[in-house]
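# Chain and residue survey
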Amino acid sequence: MLICYREDYRTQHAQGLSKPKPRLRRRGDGVVSSVRRADWATPADVKRAIRSVSILRDGRAVFNIAGNKYRIVVWINYPYRVVYIRFVGTHRQYDTIDAQAV
């Protein structure tokens, strides 16, 4: 699967405005490497591969990282096998967003 980042997320990290915590980086890198090796055709494939994922509507999924302390919201384009990262943040930050709208 190809992984694409939101431009504002990439810019934010490049400018040093938000530095990921070491624990998030270690665990998040594990999820990213799993996603890169994956070949998901359906939401059921995602759930089978990563049991802690929450499947939302319209190709959205939420990955729980580091014991549910952090969340990664993605949109998966199944026909093209592309995963778009829409949000990375703490559980508290996740509670303030609409995962279907980011």
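Since the structure is predicted, the reported quantities are computational estimates derived from the model, not experimental observations.

Time to look at the overall build of the protein. The secondary structure content of the protein amounts to four helices and five strands. Reading the protein from its N end, one meets helices and strands in the order β-α-α-α-β-β-β-β-α. The 102 residues of the protein split such that 36% are buried. Of all intrachain contacts in the protein linking residues separated by at least 6 positions in sequence, the fraction that spans at least 24 positions is 44%.

At D58, a residue that is not glycine, the phi angle is positive and equals roughly 55°. Given a relative accessible area of 62%, D58 falls into the exposed group. Although it is not a glycine, A66 adopts a positive phi angle of roughly 55°. On the secondary structure map, A66 appears in the loop between β3 (60–65) and β4 (70–77).

Our next topic: empty space enclosed by the protein. Counting across every chain of the model gives one cavity of 30 Å³ or more. Within this model, the largest cavity holds a volume of roughly 60 Å³. In terms of lining residues, the largest cavity is bounded by I3, V31, V32, V35, F63, I72, V74, V83 and I85. Of all the elements in the fold, those that place two or more residues in the lining of the largest cavity are α2 (22–37), β4 and β5 (82–90). Looking at the lining of the largest cavity element by element, the count peaks at three residues for α2. Considering only residue class, the lining of the largest cavity consists of nine nonpolar, no polar and no charged.

Applying the stated criterion across every chain yields a total of two salt bridges. Note that R81 is salt-bridged to D39, the shortest N-O span being 2.6 Å. Linking R81 in the loop between β4 and β5 with D39 in the loop between α2 and α3 (43–49), this pair joins segments that are 42 residues apart in sequence. Residue D45 is joined to R48 by a salt bridge in which the shortest nitrogen-to-oxygen separation is 2.5 Å. Here D45 pairs with R48, and both are found in helix α3, just three residues apart, close to one helical turn.

Criteria and cut-off values
- Residues numbered from 1 in each chain as written.
- Predicted model: local features only at pLDDT ≥ 70, side-chain atom pairs only at ≥ 80, totals over all residues.
- Heavy atoms only, no water.
- Helix = DSSP H or I, 4+ residues; strand = E, 2+ residues; numbered from the N terminus.
- Buried < 20%, exposed > 50% of the residue type's maximum accessible area, 1.4 Å probe, protein only.
- Contact = heavy atoms within 4.5 Å.
- 1 Å grid on protein atoms, 1.4 Å probe; cavity = no way out; pocket = protein on both sides within 12 Å on 5 of 7 lines; lining within 4 Å.
- Points joined across faces, edges and corners; volume = space filled by probe spheres on them.
- Nonpolar A, V, L, I, M, F, W, Y, C, P; charged D, E, K, R; others polar.
- Salt bridge = Lys/Arg side-chain N within 4 Å of Asp/Glu carboxyl O.

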